[in-house]
Amino acid sequence: MPDTQTLLHPAPRARVRAIKEYHPPLGSRDALRLDFNENTLACSPAVREVLARISAGDLTRYPEREPVEAIVAQHLGLASAQVALTNGVDEAIHVLFEAFLDSGDELLLPVPTYTMYEVYASATDAQVVTILAGDDLRFPFQRLIASITPRTKIIAIANPNSPSGSIATREQIVECARRAPQAIILVDEAYFHFHGQTVMDLVGTVPNLIVSRTFSKAFGLAGLRVGVLAAPVELMQWIRRVLSPYSVNSVALACLPAAIADTTYLDWYVSEVLVARSEFESALDAAEIRYWPSRANFILADIGTRHREFVQHMLSAGVLVRDRSSDPGCDGRVRITIGTREQMLKAVVALNEALAHIGNEGETR
Ligand SMILES: Cc1ncc(COP(=O)(O)O)c(C=O)c1O
């Protein structure tokens, strides 16, 4: 048996050595989960029925994505050839960067934003250029435009953005696409249902626009791992070359049509969250905690220097929230997912206790 200490192992690419491993703080989540912006209740009952009917035989077959891609395309008002299902939007980001980011290219990234853009970009040979939002955490449109160079290859815009909940307007997105015709404008509409505004209808019309959506948030299917990438056919042909034909599993594919068809459930859940969001804003107002206006199913609150104790105290009250202090420009800020009204009543009680506990040191407005 050779001594494993002295064995030489093959080295990964230099870029991979430089990547920090990303460990989402999942751990034990047996509490009210207001930490990952998921649906906090359940998926549609229609999806549960499909799940109950899946047989062992169904699982023996390789997944066939095309028929479901056609259904999703129709739902989005696009042609099948413009739509690819992916293993969550995470895979969509990964394959997009893989297909388009070369050495010498730049990814423009307004920050703070969703962590995985930077993670996947750092595995490529491209350079990540971050554009820090101001204190209002609004989309830094002017500075983003000013940062475009001939090397700009992708501009990634989460809309609404996380962790701020802020938005880019349709006009701003179209202007980015116009100013950087050599680049792909990725608009990640993971939280679309809570915002209600989209640029999906521009896919195919604006030649460099790509839009992603996820089934992990409003639809309540984060565990199934399904996302959609919508792109002009001319761009999609390259994306499909690096996309695994089987990355969306057959259970997810079986469930999607039912999830999409049950608009009653989706509309109910979204309207519940929107009411709960405004009630939670009132609770933050009453507690004199600063927060950023959000168009998504979460709110970023300025808890201040004792953010760690705050998160711990929320946890001991059975409510998981997400400390975003290590995000650029987010020191002391905690992101709280909005669930149902009933769940948020519990969150407000925990919030007020936690604030009392930390001595209400958060930034007051
Ligand atoms: C902006 C944004 N995009 C994408 C994702 C991930 O989506 P998925 O679960 O489909 O990979 C998230 C998850 O938090 C997100 O916030």
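A brief look at the structure comes next. As the structure is a prediction and not an experimental result, all values here were calculated from the model.

Moving on, we come to the side chain of Arg213. Positionally, Arg213 belongs in strand β7 (residues 209-214). Overall, the relative accessible area of 9% leaves Arg213 in the buried class. Within the local environment of Arg213, its side chain forms a polar contact with the side chain of Thr198, the two groups lying 3.0 Å apart. Leave out the neighbours within four places in its chain, and Arg213 touches Leu76, Val89, Glu189, Phe192, Thr198, Met200, Gly227 and Val228.

In spatial order, the strands read β9-β12-β11; together these 3 strands make up an open sheet with antiparallel pairing. The open sheet terminates on both sides in strands that have one partner only, identified here as β9 (298-302) and β11 (322-323). Pairing of β9 with strand β12 (residues 333-337) involves 5 bridges; the strand directions are antiparallel. The residue bridging Phe298 from the neighbouring strand is Thr337, located in β12. Where helix α12 (residues 263-286) meets the sheet, it contacts β9 and β12, and its direction lies at approximately 10 degrees from that of β9.

Okay, the state of the cysteines next. Counted under the stated rule, the structure contains 0 disulfides. For the unlinked cysteine Cys255, the closest cysteine sulfur is that of Cys43, found at 7.3 Å. With relative accessibility at 0%, the residue Cys255 sits in the buried group.

Quick notes on the rules
- Residues numbered from 1 in each chain as written.
- Predicted model: local features only at pLDDT ≥ 70, side-chain atom pairs only at ≥ 80, totals over all residues.
- Heavy atoms only, no water.
- Helix = DSSP H or I, 4+ residues; strand = E, 2+ residues; numbered from the N terminus.
- Buried < 20%, exposed > 50% of the residue type's maximum accessible area, 1.4 Å probe, protein only.
- Polar contact = N/O pair within 3.5 Å; in protein donor to acceptor, adjacent residues only side chain to side chain.
- Contact = heavy atoms within 4.5 Å.
- Pairing = 2+ DSSP bridges.
- Axes fitted to C-alpha atoms, helices over the stretch in contact; angles between N-to-C directions.
- Disulfide = S-S within 2.5 Å.

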